[in-house]
Each structure stands twice: as structure tokens, then as C-alpha cells.
Number of protein chains: 4
Amino acid sequence: MAKLPAHMRAWELTGAGIDALRLAERPVPEPAPGEVLVRVRASSLNYRDLSTVRDPHARGLQLPLVPNSDCAGEVVAVGAGTESPAPGTRVAGCFFQRWADGRIDAGVMESALGGAIEGVLSESALLRADGVVEIPEHLSFAQAATLPCAGVTAWHCLVGVGAVGPGETVLLLGTGGVSVMALQLAGLLGARAIVTSSDDRKLERARALGAWQTVNYRNEREWDTRVLELTAGQGVDFVLEVGGAGTLARSLNAVRTGGRIALIGVLTRGQLDPTAIMRKSVGVQGVYVGSRRMFLDLNRALAAHSVEPVIEASFAFEQAPEAFQALADARHFGKLVIEL
Amino acid sequence: MAKLPAHMRAWELTGAGIDALRLAERPVPEPAPGEVLVRVRASSLNYRDLSTVRDPHARGLQLPLVPNSDCAGEVVAVGAGTESPAPGTRVAGCFFQRWADGRIDAGVMESALGGAIEGVLSESALLRADGVVEIPEHLSFAQAATLPCAGVTAWHCLVGVGAVGPGETVLLLGTGGVSVMALQLAGLLGARAIVTSSDDRKLERARALGAWQTVNYRNEREWDTRVLELTAGQGVDFVLEVGGAGTLARSLNAVRTGGRIALIGVLTRGQLDPTAIMRKSVGVQGVYVGSRRMFLDLNRALAAHSVEPVIEASFAFEQAPEAFQALADARHFGKLVIEL
Amino acid sequence: MAKLPAHMRAWELTGAGIDALRLAERPVPEPAPGEVLVRVRASSLNYRDLSTVRDPHARGLQLPLVPNSDCAGEVVAVGAGTESPAPGTRVAGCFFQRWADGRIDAGVMESALGGAIEGVLSESALLRADGVVEIPEHLSFAQAATLPCAGVTAWHCLVGVGAVGPGETVLLLGTGGVSVMALQLAGLLGARAIVTSSDDRKLERARALGAWQTVNYRNEREWDTRVLELTAGQGVDFVLEVGGAGTLARSLNAVRTGGRIALIGVLTRGQLDPTAIMRKSVGVQGVYVGSRRMFLDLNRALAAHSVEPVIEASFAFEQAPEAFQALADARHFGKLVIEL
Amino acid sequence: MAKLPAHMRAWELTGAGIDALRLAERPVPEPAPGEVLVRVRASSLNYRDLSTVRDPHARGLQLPLVPNSDCAGEVVAVGAGTESPAPGTRVAGCFFQRWADGRIDAGVMESALGGAIEGVLSESALLRADGVVEIPEHLSFAQAATLPCAGVTAWHCLVGVGAVGPGETVLLLGTGGVSVMALQLAGLLGARAIVTSSDDRKLERARALGAWQTVNYRNEREWDTRVLELTAGQGVDFVLEVGGAGTLARSLNAVRTGGRIALIGVLTRGQLDPTAIMRKSVGVQGVYVGSRRMFLDLNRALAAHSVEPVIEASFAFEQAPEAFQALADARHFGKLVIEL
């Protein structure tokens, strides 16, 4: 393996807003025992990263901070005594560096990349040896970089919280990174997905990816009523609620008695009337990405079926601000990726 | 068995409000195959019954309606071919006449006594043979009559939704029928209960029943902060949220990361900010009483430990309006019962 | 609806063995409240039915007994007050007449058709109104008749016990009715199925139905070793163990650490060394068909994906003994059905 | 903190049998990043340790090996950058050094102390920083040293596999370390325990610890029949099967339809007829100790109720061979501990 360079470039957030991103030079860190150094080849963007960039103070973050949680690349160095992964391995980082398996706790939340700890929008990233997963062979670095946050979240929601089974009906709101990956997973689970959007072209793409039904909520403002019609008045078994103004009340109307809702929405605004939760015995579960185990399981499922995540657009490392602006414009279907 | 009388008295709700309760005479019904006739010996009151009496129109109920879901008594006649339970058996009715086991669905909800179907505040009640459970020997009719709604709800919340285990901490709001039964069950589960009330005498009774800690929310308006202190800043593992103005936001503050909340509150008012659910990965589950299986399991647990439900006051059948008024006054600790 | 005939033909088991089956004439029974009369249009055979025919005394059954648990047909009469299903509805009977949902208990087992209670190999069958399910539109009576025992068992094993998820690997032994249905369900679940058989033509059919890998255990006596190879030495996540001499020891060898095995095998013979269960932290769950809820869920999944059960051969009602003989010969792939 | 000594004493297994234990002198190891050095104050013995000593070759272990999985002591040094636990913290080691939470896998099994890796019967032990748990205040080092294997196993079985609830009945075989801890936990769970032994004095001690019923299997050879009688013919809900010649067949007879059995038995001998598993829809789960999360939960439960593990006898470090011999003699009730 070639000698590592002494310095690397990294995007740093120095204040609030996309304009406060600065391309800085930093020394390449050296991995301690239990750590690996990853040469970053791709990083994807999530709304959470955009929120961080827009308002780091709301989260009480220390600046400057390297943003972004998601990266894929290859291991270029490992700490003393670290046997796995070996240098050369293609890996993606885990959103939470310390959530191997089992249940979340406050300690897990202290290990979120690009928030509680330094992110990965840099030429090299120092990660825990047990905080990465090997990339399935059929995926490129760019594709793998879409998974740590959006992919694992979709898996956690559908497979974990929803325990969605064949023949069940799921409601997916919009066509962002989580919803599009959830659409692909719904197909693997044998479930029927109803997808909403305000854009008919996106709905057409959703149908091409296997959506059972689609609803344009610009045309059908009462989209919850439409979902009830599509399910013969029963309501869907599961909603992946990504938020947005006032969507939760409609989701509660669209779900069946005894149904369940996974709530991930950084976009969520507005208040919720809890009587709907009671009246229909609904379960609402907040979801914050997921564990390394879920990532491994996701990768195995994608590999078994050669599923490729949907990338809407790719940007060069130097174009990171343009990538964040594209995310803010919200015209994408699936994921936006920065490639190095 | 003595010959059945031809007529019985029954309380009928003829309009909105306690004043609209009328004592009527009705023919004693005859059990069809699969049905049993129960001579009612006691009926307990729940807030849901009071809500029904106060505003039957909000629920779209047909009047006149016999109110109340909870009764205990003895089987006096069975339909042709019905082998179990035998005449003479001491039984309590199941809140839902058609929820044997497993998950709730819309059909179950059509079988709620004293709402979707005729209630039991009458001298005799016609129930499904598989819609009753045998009463544990150590319980009186009055004690058993406290269980179908409040007891089963408490069990469903703690054992089902909460899956509360030994050493866990649970938060119980107030000292109504569900919370007091939950306090008793928390002891059986090895959990530590924190109980809130505005009345120090009730808190003293709660401690006598095994509460680990108590909080007077009149003195400590920020009772959620107090709960966090009592749990070393971690928050409780589980909240049984019975509702009340604005309690849910505080419950979300008082629960730990990854904790769970069972929501039963007919008292619930106000709106909920869903960001707290996401931020802490909390699960919120609406609970609507429970299945016959849960009732059987509850009875077995109460019998194994000789636990007796707490009855605050007992009223004669003719005093039913006074009993409802006492519930409305909300001065009780535990349950109010009407005995026949 | 046409007037019902007064008499019907029914196969009766009068002793041990296929030769002891007699075609008898019986009065058509009349449905009591809560019951329905079904005009039987098809009945499928299961090994359990063959075992019953071969040795009814081992099970302590009262003779004569109408054999068979599985039927599909149409409702021709309903008991007084029975609203659902309406006459004319296409239905299949539930193996257990009294297992609506939730967990099995000793009472459930007393309601098994064609064993604890009279079976359905007759022109009409009297069933509980809540002991039938509506047949999906895309299925014929013959196809629907394959589901009550084998279909529900496969669902219970894969979806219930196995909780098999996308990307997981499952091992299916042989190509009988349960294994072939499980193969079809594995596809809906996104799982990869390994199928064993001693017949290459059956393995070819299995691959055509979506098997990921196949193993001819006549050629590869150490088929467990082969399964380990196919799973990179890890072992499969789940085994549907239908039994046979000595298969369980091999299944335990072929399953991964922490894996699970559903055990249904009426064919099971031989002893098991429990140390393998401990050493690998395996879960072994006995499965006895399943609940009506599972049947409803199965039907929904089959309907959503237009899955049709595999019927190897169909026999006329009068040919029932030939059908049992064909089952005994064990040359089939999928199910054998008797049509009326 | 005082300077560490350069050398320590450790028991080494140099061949097969208690006689092959040698007291050796070794250099005190230095903790790398992510590691802690623990001054061992107590170590308890488990049958698994005795099996290892008796026949290390059967397990393919490299000799010399320091035996024993269980220790408690205080942290005396930590690796660079290791923040928690701090020096001076009272800790117990985790049986598996790499099982934080969630499900077991083959990797976990490679981290078993005193088997796959070096054990802890030495004056100092090098452990992973996330491979220890803090000791509850109310426990001595000797008491805490009983927990890593037997305590966590009992918790995993009753709380994890059994999900034992209040009012349920559990069957505990014998009065070894796991069974006695399980008896104490059964009390916290509100369950009723039936305990078997061949020694009336041990059964008396079991009753003093809260056993609901006891059976002397020397007097009642058909102890499964007796258990059925004690449960009104229903059978127990859960069996913690620790093994022994032929016990599993009786346990299967003593468990209810749909019941569950946790199988831990290093003592297990003999074969199992799987038809009993199927006939009664029983679940049999192999259990191999448990995760760090379970240990934390166990500790919290013990602390909440001030439960103290039962220690039968304590030995000096130099008496380790006598301690192993006492375990082999099997006259104890609860645990045997070596104190330093």
C-alpha cells in the first residue's frame, strides 16, 4: 500500500449556512488500536446534514465541524493489533460509531458522525474498526455511500419497527432518499407500497421501481382519504412518516386500526392530536437511523437481490456547497452524492 | 337453579348527562347457543362510561343504551349446546365480547360493551359464552367487577406494551383505577413505580401500596424534571399515560431514550410535538383495553399473589347516578363500584 | 339458493388402513347459530390425514370418523342469527375450528378437523362461522383446498417462527406440500431457499419455482455439509424441518449459530442430541398448523402476488383411496387434491 | 494509584484434570487502548470451568490456559485514551468480551473467557473496557463474581427466552448456581417456581428462598408427573433445563402446550425424542450465557431489590484445586467462590 499523504482536504462548517462551509487542509490522522483510516471515495447527503449546516447552534455543536455522516471508501491504514477490516477493504461507515446491535441508548447517540462527533466530508476519515461494514460487491462507492443513514433508516423502519410482511400495505411519503430506499425494500418484503408526491414524473419513477399505487397530493389534497379508498377503507398497515407540515395527522387517518407508524422526520412540523393514536390503537415509534447489525442485514438483502440504490445526481468534492443547495431545492428523487 | 324471573331492572341512558339515566324494566333475555345469561352482582365505573353518559351523541350511539362495560356475577342460564361456563360459575364479562387473543382489529371494536353494544348496568346481562372469564376464588364480585376495563388495560400496558421487567422504572400518572391497578402490577413485575398526584394523602396510599417514589404535581409543577432527578437524569423506562391537559409533553420529557409510552387517556387533551418522539426514539402505543387472553393472564397473576383491587367506594344499584357523580368529582383512589 | 338435499355421501374411516375407508350415506346436518354448512368442492390430503387413516387407534380416535382437515367450497346455509359469511360465499375451512388468533393452548387442539373432531371428506361439511375464511378470488376451490393445513403451516413457520427476512437463507427439506408452499413464500419474503430432494426432476421444478440452490441428498449423503458450503460455512438462518429419519441432526449442523428451526414433521423419527441445540444457541419450535389470523394473512399475501399453490394431481371424490395411496407413494411435488 | 507490581500469580491448566492445575508466575500485562487491567478479588466456578479443566482437549484449547470466566475486582490501570471505567471502579468481567447487545453470532463465541481466550483465575486480568460492568453497591466482590456466567445465564433464560410473567409457573432443575439465581429472579418476576432436588435440606433452603413447590426426585422418580399434578394437569409455562441424564424428556412432559424450555445444560446427556416438541408446540432454545446488556439489566434488578446471590462456600486463591473438587462433588447449593 502506498505511503499515506501527510495532509488532506476537509470541508469544515465554520458557522450557520451553506456559505459557511470552508475547504480546509488538515493533517491526516493516524489510527489508534481499534481504529481504521478510510480513504473516502464518496459521501451522500441527508436532510439531517443540511439541518446541521443551516443551524449548527440549534444542536449545540462545536465549530468548526466536518459535516456529513455517510461515506464509503477503502481502508488505507489500521491501528496496532487491529485485524479486521484489513487494509484495502471496501467499507462504508456506520452512522453511529458505537451501536453494534440491540437497543439504542444515550451512549449510542454520542457517537453520531457529523454531529456529536466529527463527520466524514473529507479526503480521509478516521473510524472505529467496528464502526464500518464491508460494501457488497455489486455496489459502487457512490451507491454504498447512500446507505449509512437513509438505507439503514429505511431498513430499521420497515423490517424492525414495521415488521412488514408479505401482502401488507405500506405508505411512503415523498421520494427522498429514505422513501425511495423503503420502496425498494418493500418490494423485497412482498409488501405493496403507496407513494405520495407532488410531482407526477416522480410518481412515474416510483411506479417503475415497483410502487403499487401512487397519489399526487397536489391534486388530491385529502391524500389520506385517497389512501383509505385504495385500501378498501381499511387503511395501510404501516406508514413511514418522514414528516412535513401536518402530514402526521393524515398518516394517522390513513393507517389501519392496530397499525404502526415509524417517525423519522427531520421535516416534521406541527402538532399531533394524540386521540387518534388511542382511538385506533396505533403504535408510533421514533426511529433514529439504526445499528451496525441492521446495516449488515441490509447489505445482505441488497446483495441477494442485486438492488442498487437510486442516485439522482453526483457532485465533485469541490462542489459540496452546490450539492447542499441541490438538497435544499428538494427536486431530487432518491439520493445526492459527492464523489472523490 | 331457581327459575329466572321474567323481568329485570336496567339503567338506560336516554339522553346526554347523568340526569338522563333512567331505571327501566325490561324482559329478561334468553341465551341463544353460544350465549350465557349472567345475574349481575357488581358493576364498576370507568371514565369511558362517564364520557358515554355525558355525551353519547359524540360517539354516535343509539339511545336508549344500557351503560357500563364492567360486570361480575354468576351464570344463571346458558344457550343450547353451550358447555362452558356451567350455570353457577362466577364470571366477569370481557370488555370486548369478541377479542379472544392476538391483535385488535376493527371487528373487535364493534363488540365493546356499553358502547358499540348494550352494556351491563342491569340485573341480568346476556354475554357470549366465550366473552366471560371465571373469577379467581380470592376475589369478591365487587373486586372482580373492577377488572374488565381498568385491570385488563393496566395489564395490557405494563405486560404487553411495556414488557416491563424487574429493575425497570415506570411512571404512573394519578391514582385512578388504571393507575392504581398498574401500581399493584408493577410490584408483581419487580418494577419501581413513580406515582404522581395532586393530593398528598393519595400519594401516601400509593406508597403504602408499594410506590417507590411519589411526586405531588401541585407542589412540583415541573414534575417531569423531578422524575428525571429521581432516575439520575436517565428518565423512566415506561410511562402509562392516562392523559390530562398537557401531560404527554411532560411524559415524553420524563421517559428515557428508547423508552416506551402506553397511551390510554380518555382524559387526553391538547396537542403533541412529535419531535420529542423522534429525538429520543420513543415508542408511543395507543391501548384500548385488551383481549380475553390478557384477562385470563391477569386473573392468574392476581390469584398467585392474592392481590385485591382497590375499591374506594361502593354504591347500591339504585344509586347509580350518585356513583357517576362521584366519578365526575374525581376524588377517588382506585375504583368505584355499584353492587347489586 | 336451491333447497339442500336431505342426504350426502361421506368417506368414513372404519378401521386402520386405506382399505378401511368406506363411502357412506349420511343425513345433511343443519347449522346451529354460529355455524355454517359448506358444500365441499375440494379437499386436499396431508400426511397427517394419511397417518390418521393408517393408524387411527394410535391417536385414540372414535370410529367411524370422516377423515381430512382441508376443504374448500361454498356456504349453502347458515345458522340462525349468523350474519357472516353469507350463503354463496366461497370459503375454506380452518384446520383448528377454535384458534382465532394469538397463542395455541390445549383447547385449540380439541378443535382439529379430521382428528379431534369430524373431518371434511364429505359432500357437505358443518363448520363454525368463525372457523372458515373467504377464498381469494384468483384461487380455484382445488387451489384453496391446499391451504388450511400445508399453507398455514408454511406461513406459521416462515413468517411466525422464522420471522424470515430479506437476504436470509432458508433450508427446505423435500418437495411435499408444506415445503413447496414454503418455497413460494420464501420468494415473497425476499429469502433465498435451498431445497433438498432425492429426485433431480423435482429439484428442477423447485428451481423453476425460485429455489436459489438445490441439493440432491441421494448424491450428496452429507447434505448438511453441502448446505454449509453453499452458505460460506455460516449455515442457514432457518430450517423448516419436516422430519424423516435422522434429518434433524443434519439440520442442526446446517443451521447457523443463533439460527432457528421449525419442527413440523409427522415424518420425524429417531432421536436428537440436544447438545447441538446448546452449542449453537439454536431455537427449535414445534409448530402445529396455525390460527385463522395466519390463514387470513396468508391469503392476503397470495392474493397480492397472485401466487397459486402447486397441485400435482387431482382425484375424483370416488377415488379417495387412490388419492391416499398416491400420497403414500410419495412421488408428488406439492399437493394432491380430491375434487367434487 | 499505587504502582503496579511487575509480576502476578495465575493458575494455569497444563493438562487434563484438576491435578493438572499449576500456580504460575506471569508478568502483569499492560492495557492497550480500549483495555483495562483488573485486580481480581474473587472468581466463581461454573460447571463449564470444571469441564474445561477435566478435558481441555475436547474443546481444542491451547495449553497452558488460565481457567475461569468469572471475576470481580477493581480497575487498576486503563489503556491510553480509555475514559470509562475509571481506575478504582469496582467491576465484574463479561463472560463474552465481545457481546454488547443483540443477537449472538460466531464472532461472539470467539470471545469467551477461560475458553476461546485466556481466563481470569489470576491476580490480575486484562479485559476489554467494554467487556466489564460496574458492580452494584450492595454486592461484595465475591457476590458479584457469581454473576458473569450463572447470573447472566439465569437472566437470559427467564427474562429473555422465557419472557416469564407474573402468575406463570417455572420449573427449575436442581440447586446449582444457575437454578438458585433463577429461583431468586423468578420471585422478582412474580412467577411461581417449582424446584427439584434429591436432597430435602436443599429443598428446604429453596423454599426459604421463595420456591412455591419442591419435588424430591429421589422419592418421586416420576417427577414430571408430580409437576403436572402441581399445575392442575396443565404443565409449567417454562423450564430452565440444566441437563442431566434423561431430564429433557421429563421436562417436555412437564411443560404445557405452547410452553418453552431454555436449554443450558453442560450436564445434558442422552437423546431427545422430537415428537414431544411437535405434539405440544413447545419451543426449545439453546442458551449460551448472554450479552453485556443482560448483565447490566440483571445488576439493575438485583440492586433495585437488594438481592444477594447465594454463596455456598468460599476458598482462598491457593485452594483453587479444592474449590474445583468441591464443585465436582456437587454438594453445594448456589455458588462456590475463590477469593483473593
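Structure first, text after, so check above.
Asker: Before we move on, could you go through the overall build of chain A and cite the residues and values that matter?
Answerer: The helix and strand inventory of chain A stands at 11 helices and 15 strands. The C-alpha radius of gyration computed for chain A amounts to 20 Å, which stays within 12% of the reference 20 Å derived for 340 residues, consistent with globular compactness. When the backbone C-alpha atoms are referred to their principal axes, chain A occupies close to 65 × 40 × 35 Å. Put simply, chain A has 340 residues, and 60% of those count as buried. In chain A, the share of contacts with a sequence separation of at least 24, taken over all contacts with a separation of at least 6, comes to 68%. Carbon and sulfur atoms make up 47% of the accessible area of chain A, which totals about 12500 Å². Charged side chains of chain A number 32 positive and 36 negative; the gap between the two group centres comes to 4 Å.

Asker: Now, about the relation of the copies chain B and chain D: what can you tell me, with residues and values included?
Answerer: Between chain B and chain D, which share one sequence, the superposing operator has a rotation angle of 180° and an axial displacement of 0.0 Å; the RMSD is 0.0 Å. Here the transformation between the copies is reduced to the relation of a two-fold axis. Distance from the rotation axis, computed per C-alpha, reaches its smallest value in chain B at L189 of chain B: 2.5 Å. In this assembly the copies share their binding face: 100% of the residues contributing to the interface of chain B also contribute to that of chain D.

Asker: Residue-level account of unusual backbone geometry, with values.
Answerer: With an omega of -5°, the peptide bond between L63 of chain B and P64 of chain B qualifies as cis. Of note, P64 of chain B is situated in the loop between helix 1 (47-54) and strand 4 (72-78). The backbone of A330 of chain C shows a phi angle near 60°, a positive value even though the residue is not glycine. With respect to the secondary-structure elements, A330 of chain C resides in the loop between helix 11 (320-329) and strand 15 (335-339).

Asker: Describe in detail the sheet that holds strand 11 (residues 236-241) of chain D, supporting the description with residues and values.
Answerer: Read from one edge to the other, the open sheet built from 12 strands follows the order 10(C)-9(C)-8(C)-11(C)-12(C)-13(C)-13(D)-12(D)-11(D)-8(D)-9(D)-10(D), with strand pairing classed as mixed. Lying at the two open borders of the sheet, with one neighbouring strand each, are strand 10 (213-216) of chain C together with strand 10 (213-216) of chain D. Strand-to-strand twist of the sheet, defined as the mean angle between neighbouring strand axes without regard to direction, takes the value 15°. For strand 12 (residues 255-263) of chain D and strand 13 (residues 283-286) of chain D, the ladder comprises four bridges, and the chain directions are parallel. When the bridges of strand 13 of chain D are listed, R260 of chain D appears paired with G283 of chain D. Sitting on the sheet, helix 7 (residues 223-230) of chain D touches strand 8 (169-173), strand 9 (192-197), strand 10 and strand 11 of chain D, and the angle it makes with strand 10 of chain D is about 160°.

Asker: Outline the environment of M278 of chain B, supporting the account with residue identities and numerical values.
Answerer: All names here are of chain B. Examined against the element boundaries, M278 turns out to sit in helix 9 (residues 275-279). Using a relative accessible area of 10% as the deciding quantity, one classes M278 as buried. Distance from M278 to G258, taken between C-alpha atoms, is 9.7 Å for residues 20 residues apart in sequence.

Asker: I'd like a rundown of the packing of aromatic side chains, residues and numbers included.
Answerer: Under the defined criterion, the tally for this structure stands at 20 aromatic pairs over all chains. Ring centres 6.4 Å apart and planes at 65° place the aromatic pair W11 of chain A and F317 of chain A in the edge-to-face group. Placement of the pair is W11 of chain A in strand 1 (residues 7-13) and F317 of chain A in the loop between strand 14 (311-316) and helix 11 (320-329), with a sequence separation of 306 residues. Comparing W11 of chain A with F317 of chain A shows no difference in burial state: the two are buried. Aromatic pair F95 of chain C and F96 of chain C: ring centres 4.8 Å apart, planes at 80°, arrangement edge-to-face. By relative accessible area, which is 2% here, F96 of chain C ends up buried. Among the aromatic residues, ring-to-ring pairing joins F95, F96, W99 and Y288 of chain A into one connected group.

Asker: Tell me what's going on with helix 8 (residues 247-254) of chain C, and back it up with residues and numbers.
Answerer: All names here are of chain C. For helix 8, the set of buried residues is T247, L248, S251, L252 and A254. The buried residues of helix 8 occupy an angular sector of 165° when the element is viewed end-on, so they sit on one face. Along its buried surface, helix 8 packs onto strand 8 (169-173), helix 7 (223-230), strand 11 (236-241), strand 12 (255-263) and helix 9 (275-279).

Asker: Go over the relation of the copies chain A and chain B, please, and point to the residues and values.
Answerer: Superposition of chain A onto chain B requires a rotation of 180° combined with a translation of 0.0 Å along the rotation axis, giving an RMSD of 0.0 Å. By residue overlap, the copies meet face to face through one surface: 100% of the interface positions of chain A are interface positions in chain B.

Asker: Break down the interface of chain A and chain B for me, with residues and values.
Answerer: Taken together, the contact between chain A and chain B spans 31 residues of the former and 31 residues of the latter. Interface of chain A and chain B: buried area, both sides summed, is about 2300 Å²; carbon and sulfur atoms make up 59% of it. Looking only at chain A, the three residues that lose the most surface to chain B are Q271, M278 and S281 of chain A, adding up to 23% of its buried area. Linking chain A with chain B are zero salt bridges. On inspection of chain A and its partner chain B, the count reaches seven residue pairs in polar contact (both at pLDDT 80 or more). Sorting the residues of the side of chain A that touches chain B by element identifies helix 2 (106-109), strand 12 (255-263), helix 9 (275-279) and strand 13 (283-286) of chain A as the ones contributing at least two each. Across three bridges, strand 13 of chain A lies against strand 13 (residues 283-286) of chain B in antiparallel orientation. Across the sheet, residue V284 of chain A finds its bridge partner in strand 13 of chain B, namely V284 of chain B.

Asker: Report on the sheet that holds strand 10 (residues 213-216) of chain A, specifying residues and quantitative values.
Answerer: The strand order across the open sheet formed by 12 strands is 10(A)-9(A)-8(A)-11(A)-12(A)-13(A)-13(B)-12(B)-11(B)-8(B)-9(B)-10(B), and the pairing between neighbours is mixed. Strand pairing shows two members of the sheet lacking a second neighbour, strand 10 of chain A together with strand 10 (213-216) of chain B, which therefore form its edges. Along the sheet, successive strands turn relative to each other by an average axial angle of 15°, direction set aside. Alignment of strand 8 (residues 169-173) of chain A against strand 11 (residues 236-241) of chain A, held across three bridges, turns out to be parallel. When the bridges of strand 11 of chain A are listed, L171 of chain A appears paired with V239 of chain A. This element, helix 6 (residues 200-208) of chain A, spans strand 9 (192-197) and strand 10 of chain A of the sheet and lies at about 170° to strand 10 of chain A. The strands touched by helix 5 (residues 177-188) of chain B are strand 8 (169-173), strand 9 (192-197) and strand 11 (236-241) of chain B; relative to strand 8 of chain B, the strand with the most contacts, the crossing angle is about 160°.

Asker: So what's going on with the interface of chain B and chain D? Which residues, and what values?
Answerer: Across the boundary between the two partners, chain B contributes 13 residues, which contact 13 residues of chain D. For the pair chain B and chain D, the two sides together bury roughly 1200 Å², of which 59% comes from carbon and sulfur. On the chain B side of the interface with chain D, the three residues burying the most area are P166, G167 and R300 of chain B, jointly 43% of the side's total. A salt bridge links D237 of chain D to R300 of chain B, with the shortest nitrogen-to-oxygen separation between them at 3.2 Å.

Asker: Go over the pattern of salt bridges with me, naming the residues and quoting the values.
Answerer: Applying the stated rule across the entire model yields 88 salt bridges over all chains. Note that D199 of chain B is salt-bridged to R201 of chain B, the shortest N-O span being 3.5 Å. Classification of R201 of chain B by relative accessible area gives exposed; the value is 65%. Taken together, the shared-partner salt bridges in this structure form one network comprising R103 of chain A, E168, D237, R256 and R260 of chain B together with D297 and R300 of chain D.

Asker: Kindly report on the packing of helix 5 (residues 177-188) of chain C against helix 10 (residues 292-305) of chain C, identifying the contributing residues and their values.
Answerer: When two helices pack together, their arrangement is captured by the angle between the axes and the distance separating the axes. Residues and elements named next belong to chain C. Interaxial distance between helix 5 and helix 10 falls to 11 Å at its minimum, and their mutual angle equals 70°. Here helix 10 runs roughly perpendicular to helix 5, going by the angle between their axes. The handedness of the crossing between helix 5 and helix 10 is left-handed. Contacts between helix 5 and helix 10 involve M181, L185 and L188 from the first element and L298, A301, L302 and H305 from the second.

Asker: I'd like a rundown of the environment of A186 of chain A, residues and numbers included.
Answerer: Residue and element names in this part refer to chain A. Mapped onto the elements, A186 comes out in helix 5 (residues 177-188). Separated by 16 residues in sequence, A186 and V170 place their C-alpha atoms 7.7 Å apart. Beyond its immediate stretch of four places on either side in the chain, A186 contacts L158, V170, A191 and A193.

Asker: Any chance you could break down the pairing of strand 8 of chain B for me, citing the residues and the numbers?
Answerer: Among the five residues in strand 8 of chain B, five count as buried, and that is most of the element. In strand 8 of chain B, alternate side chains face the same way, and those of T169, L171 and L173 of chain B on one face and V170 and L172 of chain B on the other are all buried.

Asker: Quick rundown of the state of the cysteines? Include the residues and the values.
Answerer: Scanning all chains against the criterion turns up zero disulfides over all chains. Of the cysteine sulfurs around C149 of chain A, a residue in no disulfide, the closest is that of C157 of chain A, at 10 Å.

Cut-offs used in this document
Residues numbered from 1 in each chain as written. Chains lettered and ligands numbered in written order. Predicted model: local features only at pLDDT ≥ 70, side-chain atom pairs only at ≥ 80, totals over all residues. Heavy atoms only, no water. Helix = DSSP H or I, 4+ residues; strand = E, 2+ residues; numbered from the N terminus. Rg over C-alpha atoms; globule rule 2.2 N^0.38 Å. Buried < 20%, exposed > 50% of the residue type's maximum accessible area, 1.4 Å probe, protein only. Contact = heavy atoms within 4.5 Å. Areas by Shrake-Rupley, 256 points an atom, 1.4 Å probe, with all protein chains shown as cover. Lys, Arg positive; Asp, Glu negative; His and termini not counted. Charge placed at Lys NZ, Arg CZ, Asp CG, Glu CD. Least-squares fit on C-alpha atoms with pLDDT ≥ 70 in both. Pairing = 2+ DSSP bridges. Axes fitted to C-alpha atoms, helices over the stretch in contact; angles between N-to-C directions. Phe/Tyr/Trp six-rings, centres within 6.5 Å; stacked < 30°, edge-to-face > 60°. Arc of directions from axis to C-beta. Buried area = accessible area lost by both parts, 1.4 Å probe. Salt bridge = Lys/Arg side-chain N within 4 Å of Asp/Glu carboxyl O. Polar contact = N/O pair within 3.5 Å; in protein donor to acceptor, adjacent residues only side chain to side chain. Parallel < 35°, antiparallel > 145°, perpendicular 65-115°, else oblique. Left-handed = near helix turned anticlockwise from the far one by under 90°. Disulfide = S-S within 2.5 Å.

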